[in-house]
Structure formats: C-alpha cells, structure tokens
Amino acid sequence: MERVVKFITLGCKVNQYETNAMAQKFIENGYKVIEENSEQTEVNPDICIINTCTVTNMSDRKSRQMLRRVKENNKDAIVVAVGCYAQVAKEELSKIEGIDLVLGNNEKVEIVKHVEEYLKVHQKKIETEDVMQSKEFSEFGEITFSEKTRAVIKIQDGCDRFCSYCIIPYARGRVRSRKPENIIDEITKIAQKGIKEVVITGIHIASYGKDFKEEYRLIDLLEEINKIDGITRIRLGSIEPLLITEQFVEKLRKLEKICHHFHLSLQSGCDETLKRMNRRYTTEQFRTIVKLLRNAYDDVNLTTDIIVGFPEETEEEFNKTYQFLKEIKFYKMHIFKYSPRKGTKAAVMKNQISGNIKEERSRKLIELSNKNEKEYNNKYVGKEIEVLFEEKKLGIYQGHTANYIMVHCKSKENLENKLKNVTCNEVGEEYIIAEM
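Since we're looking at a predicted model, the values are computed, not measured.

S.K.: Is there a simple way to explain the overall build of the protein chain in this structure?
M.R.: Looking only at helices and strands, the protein chain features 13 helices and 17 strands. A globule of 436 residues ought to have a C-alpha radius of gyration of about 22 Å, and the protein chain, at 22 Å, matches this closely. Along the first, second and third principal axes, the C-alpha atoms of the protein chain reach 60 × 60 × 50 Å. Scored against the burial criterion, the 436 residues of the protein chain give a buried share of 54%. Contacts spanning at least 24 positions in sequence make up 74% of the contacts within the protein chain whose residues lie at least 6 apart. Total accessible area on the protein chain is roughly 20,800 Å²; 46% of this is exposed by carbon and sulfur atoms. Between the centroid of the 72 positive side chains of the protein chain and the centroid of its 70 negative side chains there is a distance of 3 Å.

Written out as structure tokens, the structure reads:
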C-alpha cells in the first residue's frame, strides 16, 4: 500500500528548496506526497515532516507549536522534525510528546533512509549529526519538484560571519558551496519545464565559492546562469551588503536577466549598534553601496531587514537608525524585535531592552516602511510594466515585476506563467492594480 507523506515548511527559501528536494526523494521511492495547504483533506498522512526554523525566538515557538498541532491532528502518523530548530534544540524537542524522529540539516539528504529505518524498529531518535564538521555541500541531486513559475535554487549552505545575535552558523555550519556544474544542470532542466524565473538562495550567498580551491565566485556563477535559454529572470535572495562593489556592479549590469531587486540585509542604521552586532560595514559604506546600485539601475528596488531593541540600543542610537532609514528610503523593511538566542554573544550582553520599547520602535519603522512602499508604487500609476503572473486568486491574477512589485490584474485570458505588459491604474495596500 502506498504510504502518504505530508510536508510543512517554516522559515526561509532555503528550507522551501530543501522541502521540495525531500519531497522528490519520497516520490522517487514510491511515496505519495501532499503539501501543507493541499486540498486532499480526505487523505490521512502516514508520515508528517515539519521543516523547522530557528532564526528568532518566535520561529522556535512556531516550530514547537506546529509539531504539537501536527501530532494532535494526525495521532497515528509518524512525526519527523527536521531543519534548523531540530539541529540546535534537541533538549527542547525531547520534551514534546509525539515526536518520533529528529533529523538535523545534514540528514535531510538521506531522509527516506532515516524514515525507513525508523519504520523497521520504531525506536525514537533525537540525536542529530554535528553540522559544524561538514566541509562539503550536501547535494540532493536533480530537483524538479517546484513552483510553476518560479524555482528556488540553493547554491550554498552555512555561514562564517558569526554575527553576535545569530544562531544560524551553529544550525547550518560553515560555508559549503555547491559545484557550479550541478547548479547549471539543474537550472537548465528547470528551464526545459517552462519555468521562467529562478531565485538564487543560500544561507550566505555572498560567500559562494570562497571554499573552492580555484577562483570562482557568485558573479561568475551568475554569468553562466544568464546564458541559459528559457530563463528570463534571475532573482537574488538576501545578500551581504559588502558583496556590492564597483567591480561587481559593473559585471552585473551586463547580465540582462538579473532582476533589479536587491535585498540588502542592513540590521541597523547606527554604527555603534552595527559594531556590537559584529556586522562588518559602516553606514557610510552602506550609503556608497546604495548609490552604486541606484546609479546602475533607474528602477532598482531595495529591501532590507532591521532589528530593533538590540542590547544597549539607546534612544539616540535608535533615532540614528530611524534617520538613516528615512534617508535611504527602502521600498520595504522587514522589522524584527530582538530576541536573545541561547549560545550567542548578544544573549549575555548587558542592558537588554524591554518589550514595550521594542514594540514602539518596531511600530515606528513599520509605519515608515509602509509609507515608502506606497510612495514608490505611486510612481508607476499610469505607466506600463512587465509582470510575470504566478497564480489566480479570487478571480484575480497575481504576479511580480522584475523589481518585485506585486501586481493584481483581472483578465479573461489565462495569465499564469506568462510575461505580460500591463498598465498600472491605482495603488492597493501592498500591491498595484493594473489592467491589460
């Protein structure tokens, strides 16, 4: 009888890529796979796999809540916790009833083997492999289980930066880059399926290639991807600001498929705070980086992440951040209230900031972000833009421009996975309303 596996994914695009890869492994071994939002509610899964996240305390909480909920709703299923929270939180997971198997990030590649071993002996396993010992990229092989219009491509794993607030290097290990020929082969096959856009992702993609013996970095890989027939858009995931140099931008401008959207992970607009965070740039360097990109692309769209309430962040430091963000005018800012991560330097710093102060600072930056987004979108009213439409919801097609503006459009024609020029009519909450 065919066993049914259900996947639930929390966290980042890397996790989504790895969920797709694990799902494909099960399909290849004769299992039926259903996804979290599947309409196949009548199908009871035999195995539930939760790909967990640990980037913040909230992520940890969501991972624990999801594991408990899945067991409550699937009492007879085998429950498997995998991923970043599973990697670093064995003690906490051992206290949750109903988890049968805990697998770290290294063990995802052979997840079918681990599950089938459990099925033979039904012996609970909580221990995970030490990811810090990994020196090579764990290759899943050819991945074809992906979205219809956009495919996430993982090019590296791990991070060597050790920012003072971040647990991810301990969950993912050191930098390991994927062989370029494997990446090119995967994207070529994805293009043959009709997928037009690839998102280049990893834990720290700016470090791609630093572990290779020969000189080969991210820009070299992008030049190769740009040559692949069928792919019309190459979108970069979150990038380290210091990747952006004059030389890098000069080469990048020659690649016509690169999307003019860059997510530069800033974290703070105050030099003193950045230093305590162990970020390796100053606000002045960041200004130069932004200027390089805006000089290179007229329609460039810049987004970022910001942490408020970092230990010892005074009102003066926060105001420096606020003024810097007003000056830079990011299209969108993802605001995180700092939460201590056990095992990081920031967790033991003095002068931890109260929740009320974090809440107020977060509110101010969210208001600024919303204002910036509307102002940016308003510039496109009355203009024609090209959109890659992804899906239809409630009778409206939704898609993104190359610089990552969400567009809604009604049409009698099926627009899914089509690049279309549309005219912008008005600005909605977080999108532009357009017509054919």
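From this point, things continue past the structure.
S.K.: Where do I start with the nonpolar core in this structure?
M.R.: The nonpolar side chains of soluble globular proteins are, as a tendency, buried together. Counting 56 residues, the largest nonpolar core has Val198, Ile200, Leu222, Ile225 and Phe262 as the members making the most contacts within it. Ignoring sequence-local partners within four residues, the contact set of valine 198 consists of Ala151, Ile153, Ile187, Ile190, Ile225, Ile231, Arg233, Ile234 and Arg235. Judged by nonpolar contacts, the second largest core, of 25 residues, contains Val5, Phe7, Val33 and Tyr118.

S.K.: Sorry, what's going on with empty space enclosed by the protein here?
M.R.: By rolling a water-sized probe across the atoms, one finds the places where empty space is left. Scanning the model with the defined rule gives three cavities of 30 Å³ or more in all. Size it by volume and the largest cavity reaches roughly 50 Å³. Lining the largest cavity we find Glu18, Asn105, Asn106, Val109, Ser138, Phe140, Lys154, Asp157 and Arg176. The residue makeup of the lining of the largest cavity, split by class, is two nonpolar, three polar and four charged.

S.K.: Help me understand the packing of aromatic side chains, please; the structure alone is not making it clear to me.
M.R.: Each aromatic ring pair is described using two quantities: the centre-to-centre distance and the angle formed by the ring planes. Within the structure shown, the criterion is met by 14 aromatic pairs. Both rings, one in tyrosine 208 and one in phenylalanine 212, keep their centres 5.6 Å apart while their planes meet at 90°; by these two values the pair is edge-to-face. Residue classification places tyrosine 208 among the buried residues on the basis of a relative accessible area of 0%. With a relative accessible area of 24%, phenylalanine 212 lands in the partly exposed category. Grouped by ring-pair contacts, the aromatic residues Tyr281, Phe286, Phe324 and Phe330 constitute a single cluster.

S.K.: For this particular structure, what's the right way to read helix 8 (residues 218–225)?
M.R.: What sets the pattern is the α-helix's 3.6 residues per turn: residues three or four places apart point alike. Residues Leu218, Ile219, Leu221, Leu222 and Ile225 constitute the buried set of helix 8. The arc that holds every buried residue of helix 8, seen down its axis, measures 155°, which confines them to one face. Along its buried surface, helix 8 packs onto strand 6 (150–157), helix 7 (180–192), strand 8 (197–202), strand 9 (233–236) and helix 9 (246–252).

S.K.: When you look at the environment of tyrosine 85 in this model, what are you seeing that I'm missing?
M.R.: By the element assignment, tyrosine 85 lies in helix 3 (residues 84–88). The spatial distance from the C-alpha of tyrosine 85 to the C-alpha of valine 55 is 8.4 Å, given a sequence separation of 30 residues.

S.K.: Mind showing me how you'd approach the pattern of salt bridges here?
M.R.: Should the charged atoms of two oppositely charged side chains come close, the side chains can pair. If you walk through the whole model with that rule in mind, you get 34 salt bridges. Taking the shortest distance from any N to any O, the salt bridge between aspartate 157 and arginine 172 comes out at 3.3 Å. Of this pair, aspartate 157 sits in strand 6 while arginine 172 sits in helix 6 (residues 168–172), placing them 15 residues apart in sequence. Here aspartate 157 falls in the buried class, since its relative accessible area comes to 5%. According to the relative accessible area criterion, arginine 172 is buried, its value standing at 1%. The partner of glutamate 375 in a salt bridge is lysine 371, with the nearest N and O atoms 3.0 Å apart. Taken together, the residues glutamate 375 and lysine 371, both in helix 13 (residues 355–378) and four residues apart, mark about one turn of the helix. The class for lysine 371 is partly exposed, based on a relative accessible area of 46%. Three or more residues joined by partner-sharing salt bridges are found here, namely Glu18, Lys108, Lys154, Asp157, Arg172 and Arg176.

S.K.: Where do I start with the packing of helix 12 (residues 315–328) against helix 13 in this structure?
M.R.: Between two packed helices, both the angle of their axes relative to each other and the distance between the axes serve to describe the pair. One way to put it is that helix 12 packs onto helix 13 with a least axis distance of 11 Å and a crossing angle of 10°. The orientation of helix 12 with respect to helix 13, classified from their angle, is roughly parallel. Within the contact between the two elements, helix 12 uses Glu315, Phe318, Tyr322, Leu325 and Lys326 and helix 13 uses Arg361, Lys364, Leu365 and Leu368. Here the residues of the contact of helix 12 with helix 13 sort into five nonpolar, no polar and four charged.

Reading the values: the criteria
- Residues numbered from 1 in each chain as written.
- Predicted model: local features only at pLDDT ≥ 70, side-chain atom pairs only at ≥ 80, totals over all residues.
- Heavy atoms only, no water.
- Helix = DSSP H or I, 4+ residues; strand = E, 2+ residues; numbered from the N terminus.
- Rg over C-alpha atoms; globule rule 2.2 N^0.38 Å.
- Buried < 20%, exposed > 50% of the residue type's maximum accessible area, 1.4 Å probe, protein only.
- Contact = heavy atoms within 4.5 Å.
- Areas by Shrake-Rupley, 256 points an atom, 1.4 Å probe, with all protein chains shown as cover.
- Lys, Arg positive; Asp, Glu negative; His and termini not counted.
- Charge placed at Lys NZ, Arg CZ, Asp CG, Glu CD.
- Core = buried A, V, L, I, M, F, W, Y, C linked by side-chain atoms within 4.5 Å.
- 1 Å grid on protein atoms, 1.4 Å probe; cavity = no way out; pocket = protein on both sides within 12 Å on 5 of 7 lines; lining within 4 Å.
- Points joined across faces, edges and corners; volume = space filled by probe spheres on them.
- Nonpolar A, V, L, I, M, F, W, Y, C, P; charged D, E, K, R; others polar.
- Phe/Tyr/Trp six-rings, centres within 6.5 Å; stacked < 30°, edge-to-face > 60°.
- Arc of directions from axis to C-beta.
- Salt bridge = Lys/Arg side-chain N within 4 Å of Asp/Glu carboxyl O.
- Axes fitted to C-alpha atoms, helices over the stretch in contact; angles between N-to-C directions.
- Parallel < 35°, antiparallel > 145°, perpendicular 65-115°, else oblique.

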